[in-house]
Amino acid sequence: MSKSFLELGLSESLLKTLSDLKIVEPTEIQQKAIPMLLTKLDDFVGIAKTGTGKTAAFGLPLLQLIDVENDDVQAIILTPTRELGHQVFDNLKEFAKQSPEISIASVCGGIPIKPQIERLSQTTHIVVATPGRLMDLMKRNSVNIKNTKYLVLDEADEMVSALKDGLDSIVAELPKQRRTILFSATLSGAIKQLVQNYMSKHVIQVSVDMETVGHRGIDHQYVVVEPIEKLNVLMHFLNSKEGQRGIIFCKTKAAVNKLAKNLVINKFSSGALHGSLTQGIRDRVMEQFRAGHINILVATDLAARGIDVKDVSFVVNYHLPDVYETYVHRSGRTARAGAKGFALTVIQEDEAFEIPDFEDELGIEFKEYIKPNSQSIEENNGVLWAKQIFKTKPNHDLSLEFKNNIKTIFHHLTKDELIEKMLANYVLQNTSLNPTKEHTQRKKKRK
């Protein structure tokens, strides 16, 4: 039976804030985590899929536990990416609206450090940080965490690589009598190692049923393609989702750049997001995506952490993830806040055997997406060709004489006649839509 926020033990000020924000019913992870964090003193591990309200699950009790009479940094929240750090910071500021005396600072990388140093010179109760930037500030003696009571590791499974070298340095500065709170989408071997290395023997662990909640509302499908047809199949799928918002995941930054460039060439409303881009560019791309100015985001796994956009209709795995946990994070970008979602995985023939393993491990069922035939793909490419023409900006540098000569050739044609001739010319250049050309090419090969 679902509990209300009132039953979870939250203060009146936090309940008022939640009411103002129209957050009425706690999610399962919030129901399980909040009472434990408020009433127990042990270290805590929470396992729940991205998008299930983990920030509120640790943020609300943390705000209630802060002693505003104490000017020390009382809580450190570490996130794997700047985007997630900014999102957590924004959420905490929203939750703390009724408690302006609680001071929260964001010190993530990718932006100038001097303003952050100045900010930390003032009273700060909670610091939201990326590991690298926090270590930099510690080296400069710009932040004192020696009296910190709470260490929160958010999305810890994505932070393992970043923490490998840095967490020892950070933990060494923290008091031994602290409380460590870890949240993750999965309980992988790396997470178990983190728990063993940095948490006490008495750890409270709660989890949300990944099968019933983690994938609820998501239609998981896969399509088997040849490498040469991969981009065309993707563009056919994207055209079928025109006007909807989606995220395409690639394994590497180079793959993100290449795919994003191809989508732009074909006039898809898209943008790229990966760790090598400057923070300014990443912020601009994310703002365009949130505002609906671009519909498709092409991203690496780590860069996509912190994307909290409720109306993402679909997710595409342009490359099959190496680990099951990554699939959970990717698919978790859609079907948020109770909405329905679609997750398409594009694979090659030699990867098809891995699909049953993903089904068994994650407790989900994949359906096979019907791949469009060659004619359908060619017709779709024709539509993309027409969009390229439609969206091409006029070239005002061309000479008037040249333009008039072209107009003279076409001036007697109606609009329909011009379109018919353009289509006929396009078909002549495309084998699948031009049986005569295909027949001629086969005849040449036989010779």
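Model, not experiment: these values are computed from the prediction. (Residues numbered from 1 in each chain as written. Predicted model: local features only at pLDDT ≥ 70, side-chain atom pairs only at ≥ 80, totals over all residues. Heavy atoms only, no water.)

## So, the overall build of the protein chain
Along the backbone of the protein chain there are 18 helices and 14 strands. For the protein chain, the proportion of its 447 residues judged to be buried stands at 49%. Within the structure as shown, the protein chain displays about 22800 Å² of accessible surface, and the carbon and sulfur contribution to it stands at 51%. Taken together, the 57 basic and 55 acidic charged side chains of the protein chain have centroids lying 6 Å from each other. (Helix = DSSP H or I, 4+ residues; strand = E, 2+ residues; numbered from the N terminus. Buried < 20%, exposed > 50% of the residue type's maximum accessible area, 1.4 Å probe, protein only. Areas by Shrake-Rupley, 256 points an atom, 1.4 Å probe, with all protein chains shown as cover. Lys, Arg positive; Asp, Glu negative; His and termini not counted. Charge placed at Lys NZ, Arg CZ, Asp CG, Glu CD.)

## Some thoughts on the packing of aromatic side chains
The final tally for this structure, using the stated rule, is 10 aromatic pairs. With centroids separated by 5.6 Å and ring planes inclined at 50°, the aromatic side chains of Phe58 and Phe183 adopt a geometry described as tilted. Within this pair, whereas Phe58 is found in helix 3 (residues 54–65), its partner Phe183 is found in strand 6 (residues 179–184), the two being separated by 125 residues in sequence. Exposure remark for Phe58: the relative accessible area of 1% places this residue in the buried category. Arranged with centres 5.4 Å apart and planes meeting at 90°, the rings of Phe237 and Phe314 form a pair that is edge-to-face. Of this pair, Phe237 sits in helix 10 (residues 230–240) while Phe314 is found in strand 12 (residues 314–317), placing the two residues 77 residues apart along the sequence. Taken individually, Phe237 and Phe314 each receive the classification buried, so the pair is uniform in this respect. Cluster of aromatic residues (ring-pair linked, three or more members): Phe237, Phe314, Phe342 and Tyr369. (Phe/Tyr/Trp six-rings, centres within 6.5 Å; stacked < 30°, edge-to-face > 60°.)

## Let's talk about helix 3
Each α-helix turn comprises 3.6 residues. Residues three or four places apart therefore point the same way. A rise of 1.5 Å per residue sets the reference length of helix 3, with its 12 residues, at 16 Å; its end C-alpha atoms lie 17 Å apart and thus fit the reference within 8%. Those residues of helix 3 that sit buried are Lys54, Thr55, Ala56, Ala57, Phe58, Gly59, Leu60, Pro61, Leu62 and Leu63. (Expected span 1.5 Å × (residues − 1).)

## A closer look at the packing of helix 10 against helix 15 (residues 374–391)
Helix-helix packing is characterised by the crossing angle of the two axes and by the distance between the axes. Close contact between helix 10 and helix 15 brings their axes to 10 Å; oriented N to C, the two are set at 70°. Relative to helix 15, the element helix 10 is oriented roughly perpendicular. Crossing geometry of helix 10 relative to helix 15 is assigned as left-handed. Packed against helix 10, whose contacting residues are Asn232, Val233, Met235, His236 and Asn239, the element helix 15 presents Ser376, Ile377, Asn380, Asn381, Val383, Leu384 and Lys387 at the interface. Looking at the contact of helix 10 with helix 15 residue by residue, the class counts come to 5 nonpolar, 6 polar and 1 charged. (Axes fitted to C-alpha atoms, helices over the stretch in contact; angles between N-to-C directions. Parallel < 35°, antiparallel > 145°, perpendicular 65-115°, else oblique. Left-handed = near helix turned anticlockwise from the far one by under 90°. Contact = heavy atoms within 4.5 Å. Nonpolar A, V, L, I, M, F, W, Y, C, P; charged D, E, K, R; others polar.)

## Describing the packing of helix 10 against helix 11 (residues 253–265)
Where helix 10 meets helix 11, the closest approach of the two axes is 12 Å, and the angle between their N-to-C directions is 55°. Relative to helix 11, the element helix 10 is oriented oblique. When the axes of helix 10 and helix 11 are compared, the crossing they make is right-handed. Contact residues: Leu231, Leu234, Met235 and Leu238 in helix 10; Leu259, Asn262 and Leu263 in helix 11. Split by residue class, the contact of helix 10 with helix 11 holds 6 nonpolar, 1 polar and no charged.

## Overview of the sheet that holds strand 3 (residues 104–107)
In spatial order, the strands read 3-4-2-5-6-1-7; together these 7 strands make up an open sheet with parallel pairing. With one partner strand each, in any of the chains shown, strand 3 and strand 7 (203–207) form the two edges of the open sheet. Ignoring which end each strand starts from, the neighbouring axes of this sheet average 15° apart. Sheet analysis places strand 2 (residues 75–78) next to strand 5 (residues 150–153), joined by 4 bridges and oriented parallel. Considered in strand 5, the bridge of Ala75 is made with Tyr150. On top of the sheet, helix 3 reaches strand 2, strand 3, strand 4 (126–129), strand 5 and strand 6; it is set at about 160° to strand 6, its chief contact. In this fold helix 6 (residues 131–139) packs onto strand 2, strand 3 and strand 4, with an angle of close to 135° to the strand it touches most, strand 2. (Pairing = 2+ DSSP bridges.)

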